[in-house]
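Analysis of the macromolecular model
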Amino acid sequence: VQLQASGGGLVQAGESVRLSCAASGRTFRDYVMGWFRQAPGKEREFVAGISRSGGGSDYGNSVKGRFTISRDNAKNTVYLQMNSLKPEDTAVYYCAATLSRDTIRVYISAKTYDNWGQGTLVTVSS
């Protein structure tokens, strides 16, 4: 599956941004989807994940209560709604996908994902 992330940009602290990741090439609903981020000089960090059905999700501790992941299997797209942004949310955000037979499981380890998008930069100014 090919992944194309979009929606990044420069925003001020407290504002909101919605990232999108469009998938093509395989049956989207067969994939567990995730969002990760990587800030300069830091390791890649799990942000959010969503099950194949959309019924299950999980979030990194630093974004819980502020970010929401969702998916539209009819549009082959996964979204990341980011609210109350902070300067420490500044990073390149990557969407990722992995095939799964389990319709409700969510994966939080980057090693589990074998398809990655190119990343989109989100910069939050104070």
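Model, not experiment: these values are computed from the prediction.

Ranked by internal contacts, the top residues of the largest apolar core, which has 30 residues, are Trp 35, Leu 80, Met 82 and Tyr 93. Those elements that place two or more of their residues in this core are strand E1 (2–6), strand E3 (17–24), strand E4 (31–38), strand E5 (45–50), strand E7 (67–72), strand E8 (77–82), strand E9 (91–99) and strand E11 (120–125). Residues Phe 36, Phe 46, Ala 96 and Tyr 113 belong to the second largest nonpolar core, which totals 6 residues.

Bringing the state of the cysteines into the picture now. Tallied over the full model, the rule gives 1 disulfide. Through a disulfide, Cys 21 is tied to Cys 95; the S-S separation comes to 2.0 Å. In this structure the cystine formed by Cys 21 and Cys 95 twists about its S-S bond by roughly 55°; its chirality is therefore right-handed. Of this pair, Cys 21 sits in strand E3 while Cys 95 sits in strand E9, placing them 74 residues apart in sequence. For Cys 21, a relative accessible area of 0% puts it in the buried group. Given a relative accessible area of 0%, Cys 95 falls into the buried group.

Right, let's get into the packing of aromatic side chains. Aromatic ring pairs are reported here in terms of the distance separating the ring centres and the angle at which the planes meet. What the rule picks out here adds up to 4 aromatic pairs. Summarising the aromatic geometry, the rings of Phe 36 and Tyr 113 are spaced 5.3 Å apart at their centres and angled 75° between planes, so their arrangement reads as edge-to-face. Of this pair, Phe 36 sits in strand E4 while Tyr 113 is found in the loop between E9 and strand E10 (115–116), placing the two residues 77 residues apart along the sequence. Owing to a relative accessible area of 1%, Phe 36 belongs among the buried residues under this scheme. Geometrically, the ring pair formed by Tyr 113 and Trp 116 is edge-to-face, given 6.4 Å between the ring centres and 65° between the ring planes. Owing to a relative accessible area of 4%, Tyr 113 belongs among the buried residues under this scheme. Using a relative accessible area of 28% as the deciding quantity, one classes Trp 116 as partly exposed. Its guanidinium or amino end placed over the ring of Tyr 94, Arg 44 lies 4.1 Å from that ring's centre, counting from NZ or CZ. The side chain of Arg 44 reaches across the aromatic face of Trp 116, ending 4.7 Å from its centre.

In this fold, Met 33 is placed in strand E4. Along the sequence, Met 33 and Gln 12 sit 21 residues apart, while their C-alpha atoms lie 27 Å from each other. Residues contacting Met 33, with those up to four places away along its chain left out, are Leu 3, Phe 28, Ala 48, Gly 49, Ile 50, Ile 69, Arg 71, Val 78, Ala 96, Ala 97 and Tyr 113.

Once that is clear, we can look at unusual backbone geometry. Even without being glycine, Asn 76 reaches a positive phi, approximately 55°. Take Asn 76: its relative accessible area is 27%, and that puts it in the partly exposed class. A positive phi angle, near 50°, is found at Ser 84, a position not held by glycine. Mapped onto the elements, Ser 84 comes out in the loop between E8 and E9. Given the relative accessible area of 42%, Ser 84 is considered partly exposed.

Definitions and limits used
- Residues numbered from 1 in each chain as written.
- Predicted model: local features only at pLDDT ≥ 70, side-chain atom pairs only at ≥ 80, totals over all residues.
- Heavy atoms only, no water.
- Core = buried A, V, L, I, M, F, W, Y, C linked by side-chain atoms within 4.5 Å.
- Buried < 20%, exposed > 50% of the residue type's maximum accessible area, 1.4 Å probe, protein only.
- Helix = DSSP H or I, 4+ residues; strand = E, 2+ residues; numbered from the N terminus.
- Disulfide = S-S within 2.5 Å.
- Phe/Tyr/Trp six-rings, centres within 6.5 Å; stacked < 30°, edge-to-face > 60°.
- Lys NZ or Arg CZ within 6 Å of the ring centre and 35° of its normal.
- Contact = heavy atoms within 4.5 Å.

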